[in-house]
Amino acid sequence: MDNTGLQTLLYRYFFFGWLFKDVSRGNVYERDAAWRHNRQQARWLPTYMRRWLWCGLSLYALGRCVEMLFDAPALSAVFYVPSAISVPVNAVIGAVWLGLKALPGPL
């Protein structure tokens, strides 16, 4: 059984960097193999976008509920700020996904 810790699992659930290899290291063949690997792994990026989207929407809804029910704008900011952070994270994931799909590999 895998003894991966909770922090590692949460990191892997929300952040995709562990899926990809460094294309700037090695000779031309190793870089090309890393690029092909990264292009194959790009299929998981829409999953990460959905995760961030749903977390952002859920946190926004929680913030809205806290603001309406308790009339506590400072407390609702605890939910609004992470919700707002999900927007640029999704933009970055989308740019990476499009880049891996559209750009040519290393020379």
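Residues numbered from 1 in each chain as written. Predicted model: local features only at pLDDT ≥ 70, side-chain atom pairs only at ≥ 80, totals over all residues. Heavy atoms only, no water.

Visitor: Sorry, what's going on with the overall build of the protein here?
Guide: A tally of helices and strands in the protein yields four helices and zero strands. Ordered by position from N to C terminus, the α and β elements of the protein give α-α-α-α. A globule of 107 residues ought to have a C-alpha radius of gyration of about 13 Å, yet the protein, at 18 Å, is considerably larger. If one aligns the C-alpha atoms of the protein with their principal axes, the spans along those axes are about 60 × 35 × 20 Å. Burial statistics for the protein: of 107 residues in total, 23% are counted as buried. Counting contacts in the protein only where the partners sit at least 6 residues apart, residues at least 24 apart contribute 61% of the total. Accessible surface, the protein: about 7700 Å² in total, of which carbon and sulfur atoms supply 68%. Considering the protein, the positive charge centre built from 11 side chains and the negative charge centre built from 6 side chains are found 9 Å apart. (Helix = DSSP H or I, 4+ residues; strand = E, 2+ residues; numbered from the N terminus. Rg over C-alpha atoms; globule rule 2.2 N^0.38 Å. Buried < 20%, exposed > 50% of the residue type's maximum accessible area, 1.4 Å probe, protein only. Contact = heavy atoms within 4.5 Å. Areas by Shrake-Rupley, 256 points an atom, 1.4 Å probe, with all protein chains shown as cover. Lys, Arg positive; Asp, Glu negative; His and termini not counted. Charge placed at Lys NZ, Arg CZ, Asp CG, Glu CD.)

No statement about biological role is implied by the geometric values presented.
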